[in-house]
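Geometric and topological summary
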Amino acid sequence: MAGTGEGRLAGSLSIGALVCWQEREWEVVAWQGAQVTLVPQDGAEAPRAVSYRWLVGAEDFAVLSGGAAPAASGAALGGWGRQEGREEAALWQARMVEIDTGLAPGRSEHARGFGPGTTLAQRCAAMSARLAADGIRCSAHTLADKRRKWKAAGENPVVLLPTARDRRPGGFTDPRCLTAMQEVVARRAHESDVTIDLIREEVEDLLHARYGEELGDPAVVAALLPSRSTFYLRMKESGLAEVLDRPTRARAALASTPPLPHGGREAVLRPGQVTQVDTTPLRILARGDDGRPTATELTWLIDVSNHSMCALMITPSRPRDAESGQAGQATRAIDLTLMLAQAFAPWPVMPGWDPLSAAAASTLPFGALRAADERFNEATAARPVIRPELIIYDQGSPYVSEHFTEVCDRLRIARRPARKRTGPDKSLVEHSFTTLAHRFSQSVRHGWQGRSHKKRGRGIERMPLYTIAELQQMAQEWVALEYQQTPDAGLRDPFRPGVVLSPNDMYAVQVARSGYRAVPLSPAQNRFFLLPRWVVPGKSGFMINYRTYQPVAQDAAHYREILLRGGSKLPGAGDKWECRYNPYRPERVWLYDHTSGTWVTCDFRLRHLLHDPWTADMWQEHAEQHRAAGGSEQDEAAIALALAQRDRRRRSRRPPPKRTGAEPPFQGLELETEQPSRDPYAGLEEFDLSTLRPYPALPISPLAPPPAAAPPALPSGTSNVERPSGSGQAPHPLAALFPDDGDDSPPDASATGTSAAAYEVVEAELLDDLDPDGDGGDENEGNVWEM
């Protein structure tokens, strides 16, 4: 029974198909490599595994009906489904059989070079010569490798077909040049369109600026840039040339899209592996620095693996005042870095908190954590310390600022931006804001505005509101007491899937597997969280926002060394030195000496005038008022006096009847930047204070002011230099100050027989020292005590 041409096509063959072969109907039940397993329909024989080539090459082969699923596609067979692919695979199959056995399929005689006495290497060489005669270049070693691969695949001819070689992206162009091309095109996204020639020039400048010092030779750096024609080709292959042709809005949207993968799609197995951060309006009114109601914003960092709250920050928020011109206020880069510093240290339990908010009373492995980190004690809040490894953030200006990027790089924290207006990229932190509104915000009755204007209560602005610092403490207590200890339906232990865990429970499960390593930051390291400012030190100090800072007495010598060096000699800095300061506490700054890795502490020159807390924002506010009155912003003394008078008036006025009076200004979060004072008596052994004796004092000068009461040992009418007559050894006038009480003090002159002339010599020496120049006592009488 001969099949038709259409029925003989192998492309219609699939598992479950009925075929006709050897005058019998068979069902295809399996297909592995080149072997097809057939089961007879009449059940007269056992299943048979035949070669696909022999099956479809039979004269009576035909496909009677198709199966449910194709046995193999053309992509899986590497072109086997095509007619030319089948012919090429059958050709290589015959060659491999002849190399392996020495006899070609369908022939009874050995060809020349393939006899019974030949070796495998000889047969490969003979096949290579035959292919060379046909115009095919294939060495004997290549044929041996093909045979080895063919045998390992179960004599599957598919592995003998040539596969398309994967092209290396960018060809042979240096990857550093490809990266620079992408950066330059992204940098030009918000500007007018440019040509590829200008892009090539900017790429060349970027390569020299970035790798010039590393490679040294300019010729080596120039070799990173391909030729002009190749550069055009790479721009076209990478799609950058097409990007340059797009409109400005499309280029800007494409540049703001971060590379894949986006947030929340990877497997997270340990604490801190992936974290998410975001900022949202808190919808709670607070009492501002001026005593008026102000809106607030909340920023927090949440861990994806166990949903723990790593850190949070509440800041005031107000728009810019169009009438007065006062600048607005919102979350800034310094707020983010101060919040990030919380993630590296435990939270302390503040006075008035619930005792259940302590870590010792929670499900955290408190004993193991205290053994690993000495900062954990009985007064630690029930919140784990999680060091973030990756932060997913939106593209707000504080998160893309240079300061926040620098702090993350210094702490070795990776950053990944989320797409604009795409909440699912950081869905966990977005959902947690809803949790905060339901579980925390509405519990703050004084100031809670509701979730919308329609549901807002009446008289919110007239309520006794909390300050920003009080809201911060309330939020931290709520996190330690409720949030971290409330079961979350999204947290399950793989060994106990039916048990719902809280964030603290999940952290206890994960930390037992991944471990815990304390990363304490010293006060010197914490100073890198502060804002940087490059200043030029001088003899009278240096200025930041027209405020003069001078070194403290302990660091004056170090400051003089910095002045003698001239400049920092850092690339691009010149004579400037790095300085760190906290805008919430600007009375003290720190000058960084990069040569020794130490700091020089400097104080504001007029710090003694400002006794109340103040911030850089308050200073700027009074500087603008002083300038509006006709003064200068550089007059720091007048601004400092105005700021001091403001605080003095605030304290002296009658307190308002409602709880909306002025409070200390918002000064961010506490950050330990001061070195702890050194105890001079540390390490000394305990001793009995009753064994101490007074140290004998030296004789006092006769010109010193007389004591209030005359010594009782001196008779009336005698002076300090006269001796009473009638006694051979009169006591010294100062002997009464050192009575002989039987201790180890030196006895007086009368008891030891010391001559009175010895005391006269001492007094003469003291009198001589008062006039060392010998110019006379009358002229220098007023300058006796000058140094």
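The following refers to the structure shown.

Quick notes on the rules
Residues numbered from 1 in each chain as written. Predicted model: local features only at pLDDT ≥ 70, side-chain atom pairs only at ≥ 80, totals over all residues. Heavy atoms only, no water. Helix = DSSP H or I, 4+ residues; strand = E, 2+ residues; numbered from the N terminus. Phe/Tyr/Trp six-rings, centres within 6.5 Å; stacked < 30°, edge-to-face > 60°. Buried < 20%, exposed > 50% of the residue type's maximum accessible area, 1.4 Å probe, protein only. Lys NZ or Arg CZ within 6 Å of the ring centre and 35° of its normal. Salt bridge = Lys/Arg side-chain N within 4 Å of Asp/Glu carboxyl O. Expected span 1.5 Å × (residues − 1). Contact = heavy atoms within 4.5 Å. Polar contact = N/O pair within 3.5 Å; in protein donor to acceptor, adjacent residues only side chain to side chain. Disulfide = S-S within 2.5 Å. Bend = angle between axes of the 7 residues up to and from the residue. Axes fitted to C-alpha atoms, helices over the stretch in contact; angles between N-to-C directions. Parallel < 35°, antiparallel > 145°, perpendicular 65-115°, else oblique. Left-handed = near helix turned anticlockwise from the far one by under 90°. Nonpolar A, V, L, I, M, F, W, Y, C, P; charged D, E, K, R; others polar. Pairing = 2+ DSSP bridges.

Turning our eyes to something else, we now look at unusual backbone geometry. Negative phi characterises most residues that are not glycine, and trans characterises most peptide bonds. In this structure, Glu-23 is a non-glycine residue whose phi angle is positive, near 60°. As for its placement among the helices and strands, Glu-23 is situated in the loop between strand E2 (18-20) and strand E3 (25-32). A positive phi angle, close to 55°, is found at Asn-545, a residue other than glycine. Positionally, Asn-545 belongs in the loop between strand E17 (542-544) and strand E18 (547-551).

This paragraph deals with the packing of aromatic side chains. Tallied over the full model, the rule gives 17 aromatic pairs. Judged by centre distance (5.8 Å) and plane angle (50°), the ring pair of Phe-604 and Trp-614 falls under tilted. Here Trp-614 lies in the loop between strand E21 (598-604) and helix H19 (616-628) and Phe-604 lies in strand E21, a separation of ten residues in the sequence. Classification of Phe-604 as buried rests on a relative accessible area of 3%. Trp-614 gets classed as buried once you look at its relative accessible area, which sits at 3%. Against the face of Trp-92 rests Arg-95, its NZ or CZ located 4.7 Å from the ring centre. Positioned above the aromatic ring of Phe-231 is the side chain of Arg-200, whose terminal nitrogen or guanidinium carbon lies 6.0 Å from the ring centre.

On to the pattern of salt bridges, then. A complete count under the given rule lists 30 salt bridges for this structure. Here Arg-188 makes a salt bridge to Glu-202, at a shortest N to O gap of 2.5 Å. Residue Arg-188 is found in the loop between helix H5 (175-187) and helix H6 (196-215), and its partner Glu-202 is found in helix H6; the two are separated by 14 residues along the sequence. Both residues of the pair, Arg-188 and Glu-202, belong to the buried class. Glu-237 is the salt-bridge partner of Arg-234, the closest N and O atoms lying 3.0 Å from each other.

Take H5 next. The first and last C-alpha atoms of H5 sit 18 Å apart over 13 residues, in line with the 18 Å expected at 1.5 Å per residue. Residues of H5 that are buried make contact with H6, helix H8 (228-237) and helix H9 (240-244). Capping of H5 at its N-terminal end is provided by Asp-174; its side-chain oxygen lies 2.8 Å from the backbone amide nitrogen of Arg-176.

Okay, the state of the cysteines next. Scanning all chains against the criterion turns up zero disulfides. Here Cys-124 stays unpaired: no disulfide links it, and the sulfur of Cys-138, its closest cysteine neighbor, is 9.2 Å away. We note that Cys-602 lacks a disulfide partner, and the nearest cysteine sulfur, in Cys-579, lies 6.7 Å from it. Judged by its relative accessible area of 0%, Cys-602 falls in the buried class.

A bend of about 40° at Ala-209 is the largest found in H6. What H6 keeps buried is the set Ile-196, Ile-199, Glu-202, Val-203, Leu-206, Leu-207, Tyr-211 and Gly-212. Where the residues of H6 are buried, they touch H5, helix H7 (218-223), H8 and H9. The first or second residue beyond H6 is Gly-216, which carries a positive phi of 85°.

Quick look at the packing of helix H11 (residues 333-342) against helix H13 (residues 402-410) now. Closest axis-to-axis distance for the H11/H13 pair is 8 Å, and the angle between their directions is 20°. In terms of axis orientation, H11 runs roughly parallel to H13. In this structure, H11 crosses over H13, and the sense of that crossing is right-handed. On H13, the residues that touch Ala-333, Ile-334, Leu-336, Thr-337 and Leu-340 of H11 are His-403, Phe-404, Val-407 and Cys-408. Of the residues in the contact of H11 with H13, the class split is seven nonpolar, two polar and no charged.

This part takes up the sheet that holds strand E19 (residues 577-581). Pairing within the open sheet is antiparallel, and its six strands lie in the order E16-E19-E20-E21-E18-E17. Since the sheet does not close on itself, it has two edges, and those belong to strand E16 (531-535) and E17, each with one partner. On average, each strand axis in the sheet is tilted by 40° relative to the strand beside it, whichever way the strands run. Inspection of the sheet shows E17 paired to E18 by three bridges, in the antiparallel sense. By the bridge assignment, Phe-542 is partnered in E18 with Tyr-549.

Looking at where Thr-435 falls in the secondary structure, it is placed in helix H14 (residues 427-439). A relative accessible area of 16% places Thr-435 in the buried class. Considered as a pair, Thr-435 and Tyr-483 are 48 residues apart in the sequence and their alpha carbons are 9.2 Å apart.

The subject of this paragraph is the side chain of Thr-380. Mapped onto the secondary structure, Thr-380 falls in the loop between helix H12 (366-372) and strand E12 (390-393). With a relative accessible area of 2%, Thr-380 lands in the buried category. For Thr-380, the side chain forms a polar contact with the main-chain nitrogen of Asn-377, separated by 2.9 Å. Look past the residues within four positions of Thr-380 in its chain and what remains in contact with it is Pro-346, Trp-347, Val-349, Ser-357, Ala-358, Ala-359 and Arg-375.

Worth remembering: the numbers are spatial, not functional.
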